[in-house]
Amino acid sequence: MPAKRSATPQKMKMKIKPRFFIVLAVALGLVAWGMVALVRLFLPPTVEWGRLDTDQEISAVVLRDETVVPAQAQARVMCIAAEGEMVTNGGTVAMLYTSGYNDKNMQNLITLQQKIKDYQENNILANVINADLETLNTQISAKLEEIRQCTAQLRTGSLLTYERELKDLMTRRQALMKQIITPDDYLQKLYDQETGLQSKIDETRSAAAATADGYISYIFDNLESQLTVANIDQMTPKIVTTLEKQVLKGDILDFSSGLRAAGEPLCRIVNPTHWYALVVMGKNESTMTEGATCEVTFDGISETVEAKVVRYVPEGGQVLAVLEMTKGAQSVTSMRRITGHVGRSAEGFKVPVKAVQTTEGGGYAVQVKTAQGVTAVEVEVMASDNRQAIVTESKGSGGVLTVGQRVILP
């Protein structure tokens, strides 16, 4: 019988796949990243060079810097200026007709003025050539055509302006006619009747004047006494949220016509140089800080506007940011609530947002360690979120900030 072979163990060959090395490299990378992050966590912060991008959808309550013009006595109102039109201090914005006013007198005046015009043209002007009169007649015809087109195209926003311009042209024509022609007895009698009727009407009406330069509005929502510049410092997230609910109810009053009692509002004059947006949002959603500037794109305003955060009020889980704008006031003359996006891209010195301190003069400063010791550097905040801020040195600071400087936290 053949000898029995003894069983010997055979060695297993291990084959390492490339995927193993990839997984190992990733794991080592994560460990290294974690160690670096851990070390940075305990290292003091330093000035870095960086970029910050923010973009956030917002809704806001509009607060305008405006003056309410009240009625001086009970009267019926006829507006002179159009909604949203720019008016000047002292300029007439409405005519007030008292209880003694009679519509019939105005109708009689219009009829009489047409009678005078017809008599002048048919009996006196046939042989009169006057360049100024021809120019006025051409302007009147052109203005009548503008009114016709405006009415046909339903562009009512410009209609009141065109009608006022037509009335001014007609008044100038009447004055010119009295200069270039000598009235006969009949025409003089008509002039005397016109003067009498005009005087009777003037006795029962008065002009209401603008009290400041700005955009005019006849739209009210009964929040004019609450949403004022004087009340900005008292605004909180809770108050603004309550006001926004009232805005959404849509209680809008149009004061462009009708009867006004003494003391009731006639119109509002809106400051064209600045206005405010009150934005309430969750504390964790906010990317703004007081004093920072940001770019805002509002629905209904064609251009992006720059806003400054003039107040930042935390309350519970919410914050109120009060944004001040210097452009776009005309677009919000009749608007109380607006939506849009806030955000901007900024590049510059990046520091922890809690390192930015308010100075006694109302500005901002960051403390850094230099060769001379701890130095407070005045800065302007270009953009910020709840962790970082992008800053630039204020003019006259002397170029102190450099990348790598240690930041001293308060």
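Attention in this report is confined to the structure presented alongside it.

**Re the nonpolar core**
Where a protein is soluble and globular, its nonpolar side chains tend to be buried together.
Stage number 1. Among the nonpolar cores identified, the biggest contains 27 residues, and Ile 116, Ile 181 and Leu 187 are the most heavily contacted of them.
Stage number 2. Elements with a contribution of two residues or more to this core: β5 (92-97), α2 (103-124), α3 (131-152), α4 (156-180) and α5 (185-202).
Stage number 3. Among the elements that take part in this core, α2 stands out by supplying six residues, more than any other.
Stage number 4. If we ignore the near neighbours within four places in the chain, the residues touching Ile 116 are Leu 187, Leu 190, Tyr 191 and Glu 194.
Stage number 5. Grouped together as the second largest cluster of nonpolar side chains are 25 residues, Val 270, Ala 277, Cys 294 and Phe 298 included.

**Some thoughts on the sheet that holds β5**
Stage number 1. The strand order β6-β5-β3-β10 describes an open sheet built from four strands, whose pairing is antiparallel. Edge positions in the sheet fall to β6 (205-209) and β10 (257-260), since each of these pairs with one other strand and no more. On average, each strand axis in the sheet is inclined to that of its neighbour by 30°, with strand direction left out of account.

**Overview of unusual backbone geometry**
Stage number 1. We note that Asn 222 has phi near 65°; this positive angle belongs to a residue other than glycine.
Stage number 2. Summarising the element assignment, Asn 222 is placed in the loop between β8 (219-220) and α6 (237-249).
Stage number 3. Look at Asn 222 and you get exposed, because its relative accessible area is 53%.

**Description of the packing of α2 against α5**
Stage number 1. One way to put it is that α2 packs onto α5 with a least axis distance of 10 Å and a crossing angle of 155°. Classed by the angle they form, the pair α2 and α5 counts as roughly antiparallel. The two elements α2 and α5 meet at a crossing, and its hand is left-handed. Facing α2, whose interface residues are Asn 105, Met 106, Asn 108, Leu 109, Leu 112, Gln 113, Lys 115, Ile 116, Tyr 119, Gln 120 and Ile 124, α5 presents Tyr 186, Leu 187, Leu 190, Tyr 191, Gln 193, Glu 194, Leu 197, Gln 198, Lys 200 and Ile 201.
Stage number 2. The class makeup of the residues in the contact of α2 with α5 is 12 nonpolar, six polar and three charged.

Cut-offs applied
Sequence order sets the numbering: in each chain, residues are counted from 1 along the sequence as written. Under the rules for a predicted model, residues below a pLDDT of 70 receive no local features and side-chain atom pairs below 80 are neither given nor counted, while totals for whole chains, interfaces and linings still include all residues. Values reported for side chains reflect all heavy atoms of the structure, with hydrogen atoms and water molecules removed beforehand. Throughout, nonpolar core names a set of buried Ala, Val, Leu, Ile, Met, Phe, Trp, Tyr and Cys residues whose side chains join them through atoms within 4.5 Å. Relative accessibility under 20% of the residue-type maximum defines a buried residue, over 50% an exposed one, and the middle range a partly exposed one, all with a 1.4 Å probe and only protein chains included. Only DSSP runs of H or I covering at least 4 residues are called helices, and only runs of E covering at least 2 are called strands; the numbering of each starts at the N terminus. Any pair of residues with heavy atoms lying within 4.5 Å of one another is described as a contacting pair. Pairing between strands requires that DSSP locate at least two bridges from one strand to the other. In this analysis an axis means a line fitted to C-alpha atoms, helices contributing only their contacting stretch, and an angle means the value between N-to-C directions, from 0 to 180 degrees. In what follows, roughly perpendicular refers to angles from 65 to 115 degrees, roughly parallel to angles under 35, roughly antiparallel to angles over 145, and oblique to any angle outside these ranges. The crossing is said to be left-handed when, going from far helix to near helix, the turn is anticlockwise and less than a right angle, and right-handed when the turn is clockwise. Following the grouping adopted for this structure description, the nonpolar residues are Ala, Val, Leu, Ile, Met, Phe, Trp, Tyr, Cys and Pro, the charged ones are Asp, Glu, Lys and Arg, and the polar ones are all others, Gly among them.

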